[in-house]
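One letter stands for each residue in the lines below.
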Amino acid sequence: MTAARLPLKDQLFTREKVELIASEIKHVDSAFKADEFVTAVVAQFPLLELKARIAWIATCLKRRLPRDFREAASVLVRSLPAPADPALSDADFGDFIYAPYAEYVAQQGCTAEDLEFSLATLREITTRFSAEFAIRPFLDAFPGEVLATLLVWTEDRHYHVRRLCSEGTRPRLPWARNLTLPNDVGIPVLDRLFADPTRYVTRSVANHVNDISKKNPDLALDTLERWRNSGLQQPREMHYVIRHGARTLRRADHPRALDLVRSPFAGALHEKEKKQGLDVVRDK
């Protein structure tokens, strides 16, 4: 008889994880009441689901960090561990225990006065755990300024930052609030990311296009076709982006989506990879 699998919330948010961040914060801010923080956070865990735990930890941080937002956010940034290895290319999502830090910034720093500072703070946090949820209130409140920042970040050396540009602007990001912006708002961002050398980024780009396809199939397919014709992405990776980005339309037997995937080049590439025993075009 196999043991029951722990719910995801109990795998990602444990007393040990809370004690870890408490000790990290205490290390850079001696006034932080670490034991009190841990007790308060963990006491509510049995009553809270995963996202509610993130919000609760952010609330507990607010009650024990300095009152000034910028001072408090600076404490959090200084307490962070080293960024995820920028030399990697995938499979390094980060540690969920740092999600409350981005949530704290979204709760306390989404103001015109703090906008530039808050975005810089989210950039630091996202290299430890994705700030894809926290960036969305800023997009809704200050779309022009935030999109301009994201366009700059598409050239960031750290692939987690580049991925945030695509993931944070997704029309139907799982677990996230819906944006009030048009579902094509991210196209200029994606135009700078589809040729990224990192699968962690191109998977997000493909997922973003798939989101768009559910409301605007022609825009999604026009975009994929335009990217393919540009020749800027490696053929094998471009084929992956097309297949993954058009997967909802393919499953619905959308004629144009099927034609795009079955283009002469794509078919030749797929047959070559099958012969080599590869499976690089499977949906992930």
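Calculation criteria
Residues numbered from 1 in each chain as written. Predicted model: local features only at pLDDT ≥ 70, side-chain atom pairs only at ≥ 80, totals over all residues. Heavy atoms only, no water. Salt bridge = Lys/Arg side-chain N within 4 Å of Asp/Glu carboxyl O. Helix = DSSP H or I, 4+ residues; strand = E, 2+ residues; numbered from the N terminus. Buried < 20%, exposed > 50% of the residue type's maximum accessible area, 1.4 Å probe, protein only. Polar contact = N/O pair within 3.5 Å; in protein donor to acceptor, adjacent residues only side chain to side chain. Contact = heavy atoms within 4.5 Å. Axes fitted to C-alpha atoms, helices over the stretch in contact; angles between N-to-C directions. Parallel < 35°, antiparallel > 145°, perpendicular 65-115°, else oblique. Left-handed = near helix turned anticlockwise from the far one by under 90°. Nonpolar A, V, L, I, M, F, W, Y, C, P; charged D, E, K, R; others polar. Phe/Tyr/Trp six-rings, centres within 6.5 Å; stacked < 30°, edge-to-face > 60°. Lys NZ or Arg CZ within 6 Å of the ring centre and 35° of its normal.

1. Some words on the pattern of salt bridges
Then step 1. Counting across every chain of the model gives 20 salt bridges.
Then step 2. Close ionic contact of Lys9 with Glu49 constitutes a salt bridge, the shortest N to O distance being 3.3 Å. Here Lys9 is found in helix H1 (residues 8-12), whereas its partner Glu49 is found in the loop between helix H3 (34-44) and helix H4 (50-64), with 40 residues between them in sequence.
Then step 3. Assessed through its relative accessible area of 15%, Lys9 is described here as buried.
Then step 4. Across the pair Asp114 and Arg70 runs a salt bridge whose closest N-O atoms are separated by 2.8 Å. One end of the pair, Asp114, is in the loop between helix H6 (99-109) and helix H7 (115-126); the other, Arg70, is in helix H5 (residues 69-79), and 44 residues separate them in sequence.
Then step 5. Asp114 sits in the buried class, given a relative accessible area of 10%.
Then step 6. Residue class for Arg70 comes out partly exposed when judged on its relative accessible area of 35%.
Then step 7. Among the charged side chains, a salt-bridge network with shared partners connects Glu132, Arg163, Glu167, Arg170 and Asp211.

2. Describing the side chain of Lys9
Then step 1. Within polar-contact distance, the side chain of Lys9 engages the side chain of Glu49 at 3.3 Å.
Then step 2. Setting aside residues up to four positions removed in sequence, Lys9 forms contacts with Leu48, Glu49, Leu50 and Arg53.

3. Considerations on the packing of helix H2 (residues 15-28) against H3
Then step 1. H3 packs onto H2 with a crossing angle of 150° between their chain directions and a minimal axis gap of 9 Å. Between H2 and H3, the angle is such that the two are roughly antiparallel. Every pair of crossing elements has a handedness; the one defined by H2 and H3 is right-handed. Of H3, the residues touching H2 (which contributes Arg15, Val18, Glu19, Ile21, Ala22 and Lys26) are Ala34, Phe37, Val38, Val41 and Val42.
Then step 2. Counted by class, the contact of H2 with H3 contains eight nonpolar, no polar and three charged residues.

4. Section: the packing of aromatic side chains
Each aromatic ring pair is specified by the distance between its two centres and by the angle formed by the two planes.
Then step 1. Applying the stated criterion across every chain yields a total of nine aromatic pairs.
Then step 2. Aromatic pair Phe69 and Tyr104: ring centres 5.9 Å apart, planes at 35°, arrangement tilted. With Phe69 in helix H5 and Tyr104 in helix H6, this pair connects stretches of sequence that are 35 residues apart. We note that Phe69, like Tyr104, is buried.
Then step 3. Taking 5.8 Å as the distance between ring centres and 85° as the angle between the ring planes, the aromatic pair formed by Phe69 and Phe117 counts as edge-to-face. One end of the pair, Phe69, is in helix H5; the other, Phe117, is in helix H7, and 48 residues separate them in sequence.
Then step 4. Accessibility expressed as a relative area gives 9% for Phe69, which makes it buried.
Then step 5. Taking the relative accessible area as the measure of exposure, Phe117 reaches 21% and is therefore partly exposed.
Then step 6. An aromatic cluster is present here, built from Phe13, Phe96, Phe129 and Trp175 joined pairwise through their rings.
Then step 7. The lysine or arginine in question, Arg53, covers the ring of Phe45, its NZ or CZ lying 4.6 Å from the ring centre.

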